[in-house]
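What follows is the residue order along each chain.
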Amino acid sequence: VQLQASGGGLVQAGGSLRLSCAASGRTFRNHVVGWFRQAPGKEREFLAAIKWNSRHTTYGDSVKGRFTIARDNAENTVYLQMNSLKPEDTAVYYCAAGSSIITSSQGMASQYAYWGQGTQVTVSS
């Protein structure tokens with residue numbers, strides 16, 4: 001599985017960005033696709049996850065109500081819509097995929113076997 005994250009950039013506080021995670025190499029069936037981020041000097045943080053074969057989504061507490069994860073099965077792409085961005089959202093954002101990850105474990109980076117290269121998001125104040 002290859003994952004390609006894109007859509008990052010520089011945005012002012014209060015603005016929006018949409019990240020894309022394009023998957024290739026295999027057909028997702030029971031996979032979960034998640035978004036994480038990592039700021040300099042901080043641990044990798046879980047943001048959101050979505051099951052490939054259902055509409056079930058999971059969110060990290062810090063982004064609930066601001067970020068929305070969605071998928072396009074036909075395009076093999078998962079999106080992360082980010083609204084009301086804050087300077088503390090500045091980080092490298094990664095998408096990841098793993099097979100049959102139960103809901104309670106979807107926030108754990110160790111559960112994901114495949115990772116994209118990351119895309120930088122910078123929010124200016």
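These numbers come from a predicted model, not from an experiment.

**A closer look at the side chain of R66**
Stage number 1. Considering the arrangement of structural elements, one finds R66 in the loop between strand 6 (57-59) and strand 7 (67-72).
Stage number 2. Reaching out from R66, the side chain makes a polar contact with the backbone oxygen of S62 at a distance of 3.2 Å.
Stage number 3. Discounting chain neighbours no more than four positions away, the residues touching R66 are Q81, M82, N83, S84, L85, K86 and D89.

**Things to note about unusual backbone geometry**
Stage number 1. The backbone of S84 shows a phi angle near 50°, a positive value even though the residue is not glycine.
Stage number 2. Within the secondary structure, S84 is located in the loop between strand 8 (77-82) and strand 9 (91-99).

**Some thoughts on the packing of aromatic side chains**
Stage number 1. Enumeration over the complete set of coordinates arrives at 5 aromatic pairs.
Stage number 2. A ring pair is formed by F36 and F46, whose centres lie 5.5 Å apart and whose planes are at 65°; its orientation type is edge-to-face. With F36 in strand 4 (residues 31-38) and F46 in strand 5 (residues 45-51), this pair connects stretches of sequence that are 10 residues apart. Grouping residues by exposure puts F36 and F46 together as buried.
Stage number 3. Ring centres of F36 and Y112 lie 5.2 Å apart, and the angle between their planes is 80°; on these two criteria the pair is classed as edge-to-face. Here F36, found in strand 4, pairs with Y112, found in the loop between strand 9 and strand 10 (114-115); they are 76 residues apart in sequence, far enough to count as distant. As far as the burial class goes, F36 and Y112 line up, both buried.
Stage number 4. Across the ring face of Y79, the terminal group of R18 is positioned such that the distance to the ring centre comes to 4.1 Å.
Stage number 5. When the ring centre of W115 is taken as reference, the NZ or CZ atom of R44 above it lies at 4.7 Å.

**Things to note about the nonpolar core**
Stage number 1. Ranked by internal contacts, the top residues of the largest apolar core, which has 28 residues, are W35, F67, V78, L80, M82 and Y93.
Stage number 2. Listing elements by their share of this core, those giving two or more residues are strand 1 (2-6), strand 3 (17-24), strand 4, strand 5, strand 7, strand 8, strand 9 and strand 11 (119-124).
Stage number 3. Not counting the four nearest positions on each side in its chain, M82 is found in contact with G15, S16, L17, L19, R66, F67, Y93 and V121.
Stage number 4. Counting residues in each nonpolar core, the second largest holds 7 residues, with V32, A96, I101 and Y112 among its members.

The rules behind the values
Per chain, residues are indexed from 1 in the order of the written sequence. Residue-level local features of this predicted model are given only where pLDDT is at least 70; pairs of side-chain atoms are given and counted only at 80 or more, and the full residue set underlies all totals for whole chains, interfaces and linings. Heavy atoms throughout the structure, all of them, feed into the side-chain values; hydrogens and water do not. Under the scheme used here, helices are H or I runs from DSSP no shorter than 4 residues and strands are E runs no shorter than 2 residues, and both carry numbers assigned from the N terminus. Counting of polar contacts relies on pairs of N or O atoms within 3.5 Å, with two restrictions inside protein: one atom must be capable of donating a hydrogen and the other of accepting it, and residues adjacent in sequence are counted only when both atoms are side-chain atoms. For this analysis, residues touch if any pair of their heavy atoms sits within 4.5 Å. By convention, a stacked pair of Phe, Tyr or Trp rings (six-membered ring in the case of Trp) has centres within 6.5 Å and planes under 30 degrees apart, an edge-to-face pair has planes over 60 apart, and any other such pair is tilted. Any residue under 20% of the maximum accessible area for its type is buried, any over 50% is exposed, and the rest in between are partly exposed; the area is computed with a 1.4 Å probe on protein chains only. We call a charge positioned over a ring when the NZ of a Lys or the CZ of an Arg lies within 6 Å of the ring centre and within 35 degrees of the ring normal. By nonpolar core is meant a set of buried Ala, Val, Leu, Ile, Met, Phe, Trp, Tyr and Cys residues that side-chain atoms within 4.5 Å join together.

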